[in-house]
Amino acid sequence: MKKTIFLAILIAAFVNGCAGHPLIGEEKPVGHSDGEKPSLTTIKTERGCEVEKDIRTCLGISSNTADLDVALRIAELDAKQSIVEAIQTEIRTQGLLGLSGRQADHVGRFFEAALAYVTNNIRVSGAMPHQSYWEKYSRTHYPRISYFYLGYATVRISEADYQFARNMIAEDVIKAAMEQKDKDAEHAARNAQQRLLGKK
């Protein structure tokens, strides 16, 4: 009986002691920049691009960053990367159009490697910062509290500049296929370029 009472007292003391402290790992918003958070209305995901009136707007996001300037810079770079990924997807999709079986598998693997190589650290001309936004959060590590930022940024590029960059990347993929003497990949890359130029 005494053990039961003693155990109950310990549990009550523990619960009361914890009740006055925030939960470890708890995150709370503590501030944000002025204006509205950038968003894209025509896609379901938080990250990607949309086109309106010949202007392509791409959204980038950074998370869990201790420095505000770094958070916004990472978000901007992420938005620019969205442009590159959109180009990669278009070239890959058009290049694989009509292919099947082993040929599709082979060309798909080539495109994956070649696109990753030719777009590594590429700078897309004409991509300009448009909008930025940040949110500040606190995170409890009782008894300490740390802070971090979420950054959001949009980058805009004209469709003319986007199509120019896409054509240059397609050219690089064609050159890579020629260097490796891969006729199937070269033919697929040329087809992709022509389709994206509206010539096929």
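All residue numbers refer to position in the chain's written sequence, counted from 1. In keeping with the predicted nature of the model, local features appear solely for residues at pLDDT of at least 70, side-chain atom pairs appear and are counted solely at 80 or more, and the whole-chain, interface and lining totals rest on all residues. Note that water and hydrogens are dropped before the side-chain values are worked out from all heavy atoms of the structure.

(A) Inspection of the packing of aromatic side chains at higher detail. Paired rings are identified among Phe, Tyr and Trp, the last through its six-membered ring, by centres lying within 6.5 Å, and are further divided according to the angle between planes into stacked (under 30 degrees), edge-to-face (over 60) and tilted (the rest). Evaluated as defined, the whole model comprises four aromatic pairs. When the NZ atom of lysine or the CZ atom of arginine is within 6 Å of a ring's centre and also within 35 degrees of its normal, the charge is said to sit over that ring. One residue, R56, lies across the ring of Y162, its end atom 3.7 Å from the ring centre. Stacked on the ring of Y147, the Lys or Arg K136 has its end atom at 4.9 Å from the ring centre.

(B) A look at helix α3 (residues 101-118). Between the first and last C-alpha of α3 there are 26 Å, a value that for 18 residues agrees with the 26 Å anticipated at 1.5 Å per step. Each residue's exposure class comes from its accessible area (1.4 Å probe, protein chains only) as a fraction of the maximum for that residue type: buried when under 20%, exposed when over 50%, partly exposed otherwise. Runs of H or I in DSSP of at least four residues are treated as helices and runs of E of at least two as strands, each being numbered from the N terminus. The set of residues buried in α3 consists of A104, V107, G108, F110, F111, A114, L115 and V118. Residues count as neighbours in contact if any of their non-hydrogen atoms are within 4.5 Å of one another. Turning to α3, the residues buried within the fold contact α2 (68-96), α4 (159-179) and α5 (183-196). The length a helix should cover is 1.5 Å for every residue beyond the first.

(C) Structural detail: unusual backbone geometry. Of note in this structure, K53 is not a glycine but carries a positive phi near 55°. Along the chain, K53 turns up in the loop between β2 (48-52) and β3 (55-65). Of note in the backbone geometry, D54 takes a positive phi value of approximately 65° without being a glycine. Within the secondary structure, D54 sits in the loop between β2 and β3.

(D) Fine view of the nonpolar core. I83, I87, I91, F110, F111 and V173 are the most contacted members of the largest nonpolar core, which has 31 residues in total. Looking at this core, the elements with two or more residues in it are α2, α3, β5 (144-158), α4 and α5. Top element by residues in this core is α4. It accounts for eight residues. Excluding its chain neighbours within four sequence positions, the residues that come into contact with I87 are Y162, A165, R166 and I169. Ranked by size, the runner-up nonpolar core spans five residues in total, among them Y133, Y137, F148 and Y152. Only buried residues count toward a nonpolar core, which is a set of Ala, Val, Leu, Ile, Met, Phe, Trp, Tyr and Cys residues joined through side-chain atoms within 4.5 Å.

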